[in-house]
Amino acid sequence: MVLVVVMGVSGSGKTTVGSRLAAKLGWKFYDADDYHSPENKKKMAEGIPLNDEDRIPWLCALHDILRREDSSGQDAILACSALKKMYRRVLVSGASAVESNQPEQPGESTALKILFVHLDGPINIIAGRLEKRRGHFMPPELLKSQFDTLEPPSAPENFITVSVEKSLPEIVLEIESAIFPGEALLD
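Keep in mind that this is a model prediction, so the values were computed, not measured.

Trainee: I tried to follow the sheet that holds strand 1 (residues 3–7) on my own but got confused; where do I start?
Mentor: Sheet strands pair by backbone hydrogen bonding; their relative direction is either parallel or antiparallel. Taken together, five strands build an open sheet; the order of strands is 2-3-1-4-5 and the sheet is parallel. Two strands lie at the open edges of the sheet, namely strand 2 (28–31) and strand 5 (159–163), each paired on one side alone. This sheet shows a mean twist of 20° between the axes of neighbouring strands, independent of strand direction. Here five bridges tie strand 4 (residues 114–120) to strand 5, and the two strands are oriented parallel to one another. Each bridged residue has a counterpart across the sheet, and for F116 the counterpart in strand 5 is F159. Those strands touched by helix 4 (residues 85–93) are strand 1, strand 3 (76–79) and strand 4, and its axis lies near 150° from that of strand 4. Running over the sheet, helix 8 (residues 168–179) touches strand 1, strand 4 and strand 5 and is turned about 165° from strand 5.

Trainee: Help me understand unusual backbone geometry in this model?
Mentor: Excluding glycine, most residues fall at negative phi; most peptide bonds, likewise, are trans. Of note, the amide linkage connecting A155 to P156 takes the cis form, showing an omega dihedral of 10°. Locating P156 in the fold gives a position in the loop between helix 7 (143–149) and strand 5.

Trainee: What exactly am I supposed to notice about the pairing of strand 3 here?
Mentor: Look at any regular strand and the pattern is simple: side chains alternate between the two faces of the sheet. Burial of the side chains of strand 3 extends over both faces: A76 and L78 are buried on one face and I77 and A79 on the other. Relative to strand 3, strand 1 runs parallel, the two being bridged by four bridges. The partner of V6 across the bridge, within strand 3, is A79. Both strand 2 and strand 3 contribute to a ladder of four bridges, which runs parallel. In the sheet register, F29 faces strand 3, and the bridge partner there is I77.

Trainee: Got a minute to help me understand the packing of aromatic side chains in this structure?
Mentor: Note on aromatic pairs: each is described by the distance of the centres and the angle between the planes. Tallied over the full model, the rule gives two aromatic pairs. Here W27 and F180 contribute two aromatic rings whose centre-to-centre distance is 6.2 Å and whose plane-to-plane angle is 70°, an arrangement assigned as edge-to-face. Separated by 153 residues along the polypeptide, W27 in the loop between helix 1 (14–25) and strand 2 and F180 in the segment after helix 8 bring together distant segments of the chain.

Trainee: Help me understand helix 4 in this model?
Mentor: Structurally, the α-helix is built with 3.6 residues per turn, so residues lying three or four positions apart point the same way. Counting buried positions over the nine residues of helix 4 gives eight, a clear majority of the element. Residues of helix 4 that are buried: M86, Y87, R88, R89, V90, L91, V92 and S93.

Trainee: Explain the pattern of salt bridges here, please?
Mentor: Two side chains that carry opposite charge are able to pair once their charged atoms sit near each other. Per the counting criterion, the structure on display carries ten salt bridges. Its salt-bridge partner being D52, residue K84 comes within 3.2 Å of it at the nearest N-O pair. Pair noted here: K84 is in the loop between strand 3 and helix 4 and D52 is in helix 3 (residues 52–71), with a separation of 32 residues, a long-range link. A single salt-bridge network, built from bridges that share partners, covers K28, R68 and E69.

Trainee: I'm lost on helix 3 in this one. Help?
Mentor: The end-to-end C-alpha distance of helix 3, which contains 20 residues, comes to 28 Å, matching closely the 28 Å that a straight helix rising 1.5 Å per residue would cover. Among the residues making up helix 3, those that are buried are D54, R55, I56, W58, L59, C60, L62, H63, I65, L66 and E69. Where helix 3 begins, the capping side chain belongs to N51, and its oxygen is found 3.0 Å from the backbone nitrogen of E53. The positive-phi residue at the C-terminal boundary of helix 3 is G73, with phi of around 75°.

Calculation rules
- Residues numbered from 1 in each chain as written.
- Predicted model: local features only at pLDDT ≥ 70, side-chain atom pairs only at ≥ 80, totals over all residues.
- Heavy atoms only, no water.
- Pairing = 2+ DSSP bridges.
- Helix = DSSP H or I, 4+ residues; strand = E, 2+ residues; numbered from the N terminus.
- Axes fitted to C-alpha atoms, helices over the stretch in contact; angles between N-to-C directions.
- Contact = heavy atoms within 4.5 Å.
- Buried < 20%, exposed > 50% of the residue type's maximum accessible area, 1.4 Å probe, protein only.
- Phe/Tyr/Trp six-rings, centres within 6.5 Å; stacked < 30°, edge-to-face > 60°.
- Salt bridge = Lys/Arg side-chain N within 4 Å of Asp/Glu carboxyl O.
- Expected span 1.5 Å × (residues − 1).
- Polar contact = N/O pair within 3.5 Å; in protein donor to acceptor, adjacent residues only side chain to side chain.

Pasting the structure below:
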């Protein structure tokens, strides 16, 4: 049973990469954007960055989805910005991560085992992608605030970093290699 969160700033390719990987592996795919409240979507559409109070209930709901998939033995991929370390802790441990604001302890039964895939790239390349995107509630002007908020994953988090400057098939293959180390993977 594997849980993967494809993370990064808006425009990094989370939905494209996550949905392609899920389709290739036959796994369930969730896009975190689909679970934002109408209030959050309205704020973002108006160019107002979300704060922690806006994000925590959303992240707890996403944790509950991952917990359900984990309990049923279902492999799943979630595309989610997960910009801050605390946000990733909420995805791993749920509301208890907020209450204690402490890193999860090894062996804690409430913690989910998640591989975070950080899609990373220069702001100018990602800005170019956002300018071409239509019908999304995240305006390109908010990209700088996302880069300012971003706390790239670091040890002891379970993560890999993948460059968005690679082709989509290369990105998917690199993630597959991290999920299935040592296995020969064919495109």
